[in-house]
Amino acid sequence: MLDFVVVFTKGGVVLWNSNESGQNYSSCINSLIRGVILEERNTESKYFEEDHLAVQFKLDNELDLVYAAVFQKVIKLNYLDNFLSEMQLAFKEKFSEIALGNDYDFEQEFRSVLSAAEEASAKQGKAPKAMRSYNESQKSKKTVASMIEDPKKSSSSATTAASEKRVNIQESPPSSTAGSPRSNEDIIQENRRKLREKLTPTKKAAQESRASKAQQSTQSEKAGKKPRVWDLGGNSKDAVLLDRSKDAPEDQVQVPSIHNELVGTMQGQIPDLDEQSDSPSDESDVDDYEEQQQQRRQAAPTQRKPKSSSGLLSYFKGIVGAKTMTRQELQPALEKMRDHLISKNVASEIAAKLCDSVATSLEGKQLGTFDSIASQVRDALTQSLVRILSPKRRIDIIRDALESKRNGRPYTIIFCGVNGVGKSTNLAKICFWLIENDFNVLIAACDTFRAGAVEQLRTHTRHLNALHPPAKHQNRQMVQLYEKGYGKDAAGIAMEAIKFAHDTKVDVVLVDTAGRMQDNEPLMRSLSKLIKVNNPDLVLFVGEALVGNEAVDQLVKFNQSLADYSSHENPHIIDGIVLTKFDTIDDKVGAAISMTYITGQPIVFVGTGQTYADLKAINVNAVVSSLMK
């Protein structure tokens, strides 16, 4: 049944294995290590599949070992969980200390544990099906209140039934009339009298109708159609003066002196986010904090004892002194930790994964003091966040742009995202950074829908050229704007811009696109067409740091749409993320973790302000310290 059983360390050293089929399963185990154990993306189920094989595994944090069993995916083995647990106990009982290079003879114990697990599973399969207990039945879920009859409800239901019957009786035509019989002429005269009373209004009603008619006539005489007068006045002749689609000569005079202090501040790589910690979150801070509290207790013994460290680490204070921590002991603290992460804007699914990662790291450990558990929690959370925030591939725009320049073609970046997240603004920041590193840039205005989008890019172009005039760059114009107005096809404008950049030897093309919601199918098809036709070097998704679970929905649907609406076999989806408005969220940094976890793509830039120099790179330590507050 089991093809391959192995015991190996988390460092990858195999201590013992049993191979029944004689085949090589190293690729399957390596995939398990890379895709599951290192990234900790599937530690809850302890199950992994590759091709026709399946792997059930168990982690031992006390000895840092992994027990894994490989079998055919089509076979269902119900005893594997118990078997791996018993195998772990037997291995720990025989080899209490693990040392590399020792000979681990575990074949006899393995056979006995396996046979016992298979026999127990066979007995359980042959055993008759147990009757359902009372607690599992539907009857147990009924409350006493639901079985008590309310006399008021019964009487009301009876009255409603009687009234319904009465209505039915009233609707039926009467068989006989009460009193003396009436002739047809009397009935006709009575109906005529009622009709005259209805048509003849009273004096009061007639007076009210006359007054309302007089009021309406006076209002109609007064209210004639008059032209609207605006506050500032103006007429159609002023349209030429108010047209801002082209630069006026006086606009060129106003810009050369703006923000000259920014020039030269963005050369080289993007600086990292500053790590700011106001609470004793890391190990040194915990030690300093405990020393300060000890001094205060000695100085004022009669005063009330101060509280210990606040923040995420305080949830684990109650577990101090446990001999060996189990999942049940950690569960209350993990629930509080999950709520804490959600309050920091981490999506609920990712918060649960982080908690599971911390629990997996702490389960089976022996901890004594608060300092040790605080450092263990910090280390476990840091390791999980490093795995999440570390990119699968490194994006070095300067290196890639230089490589494209040597190959004689422009380096193309497309910016996409929902409405109002700051695509054009952060495009201008990235453009300024590229100019600082001596790249000349062409901005393609492919947002042909939003009013003022082209004018906004034209203003940025004018400001950037004022900061870096051609005289400082060997008479090269560092920023150019390629625009065709509004209402045009964005994919065609981008293609023409890239061709123009190739002909004029421009180094980098930045393509600005219109904002679109992730559920708008026509606009998502248009974006997919733009990317498919122009085949850019980089597709950056621009998202706000203010969003929580919405970030997951946006990224999933953007990626899905780019894949579904592309006719290529390997469609070009999102390569990286630009996180904007990071200066407005204080310590609620969860959107960064949610976005990276969902896509597996790195956060390339972080917008931290309103000037061209307010552009940073993500810093894992800064994110961790913010989460730990």
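Notes on the structure follow. (Residues numbered from 1 in each chain as written. Predicted model: local features only at pLDDT ≥ 70, side-chain atom pairs only at ≥ 80, totals over all residues. Heavy atoms only, no water.)

Turning our eyes to something else, we now look at the pattern of salt bridges. A complete count under the given rule lists 18 salt bridges for this structure. Across the pair Asp-553 and Lys-557 runs a salt bridge, and its minimum N-O distance is 3.4 Å. In this pair, Asp-553 and Lys-557 both sit in helix 19 (residues 549–564), 4 residues apart, roughly one turn of the helix. The class of Lys-557 is partly exposed, set by a relative accessible area of 29%. Where salt bridges share partners, they join Glu-20, Glu-107 and Arg-111 into one cluster. (Salt bridge = Lys/Arg side-chain N within 4 Å of Asp/Glu carboxyl O. Helix = DSSP H or I, 4+ residues; strand = E, 2+ residues; numbered from the N terminus. Buried < 20%, exposed > 50% of the residue type's maximum accessible area, 1.4 Å probe, protein only.)

Pairing is antiparallel across the open sheet formed by 5 strands, whose spatial order is 2-1-5-4-3. At either end of the open sheet lies a strand with only one pairing partner, and these are strand 2 (14–19) and strand 3 (47–50). Here the average twist between neighbouring strands, direction ignored, is 20°. Where strand 1 (residues 4–9) lies against strand 2, 5 bridges are found, and the strand directions are antiparallel. For Phe-4, the partnering residue across the bridge sits in strand 2 and is Asn-19. (Pairing = 2+ DSSP bridges. Axes fitted to C-alpha atoms, helices over the stretch in contact; angles between N-to-C directions.)

The 8 strands lie next to each other as 8-7-9-6-10-11-12-13, forming an open sheet whose pairing is mixed. Edge positions in the open sheet fall to strand 8 (479–482) and strand 13 (615–616), since each of these has one partner strand only. Two strands pair when backbone bridges link them, and strand 11 (residues 576–580) and strand 12 (residues 603–607) are joined in this way by 3 bridges, in the parallel orientation. What sits directly across from Val-578, in strand 12, is Phe-605. Along the sheet, helix 15 (residues 423–436) contacts strand 6 (411–416), strand 7 (441–446), strand 8, strand 9 (508–513), strand 10 (538–544), strand 11, strand 12 and strand 13; its crossing angle with strand 9, the most-contacted strand, is approximately 170°. Each of strand 7, strand 8 and strand 9 is contacted by helix 16 (residues 453–467), which is oriented at about 165° to strand 8, the strand it contacts most. (Contact = heavy atoms within 4.5 Å.)

This part is about unusual backbone geometry. Here Asp-438, not a glycine, exhibits a phi torsion of approximately 70°, which is positive. The partly exposed category is assigned to Asp-438, whose relative accessible area is 40%. The phi torsion at Asn-475 lies on the positive side, around 60°, for a residue other than glycine. Relative to the assigned elements, Asn-475 resides in the loop between helix 16 and strand 8.

This part is about the packing of helix 19 against helix 20 (residues 590–599). It is at 9 Å that the axes of helix 19 and helix 20 come closest, and there the two elements cross at 30°. Of the possible angle classes, the one that applies to helix 19 and helix 20 is roughly parallel. Once helix 19 is placed against helix 20, the crossing between them reads as right-handed. Side by side, helix 19 and helix 20 meet where Ala-551, Val-552, Leu-555, Val-556 and Asn-559 of the first sit next to Ser-594, Met-595, Ile-598 and Thr-599 of the second. Broken down by class, the residue content of the contact of helix 19 with helix 20 amounts to 6 nonpolar, 3 polar and no charged. (Parallel < 35°, antiparallel > 145°, perpendicular 65-115°, else oblique. Left-handed = near helix turned anticlockwise from the far one by under 90°. Nonpolar A, V, L, I, M, F, W, Y, C, P; charged D, E, K, R; others polar.)

Honestly, that's just the spatial picture; any functional story needs more than this.
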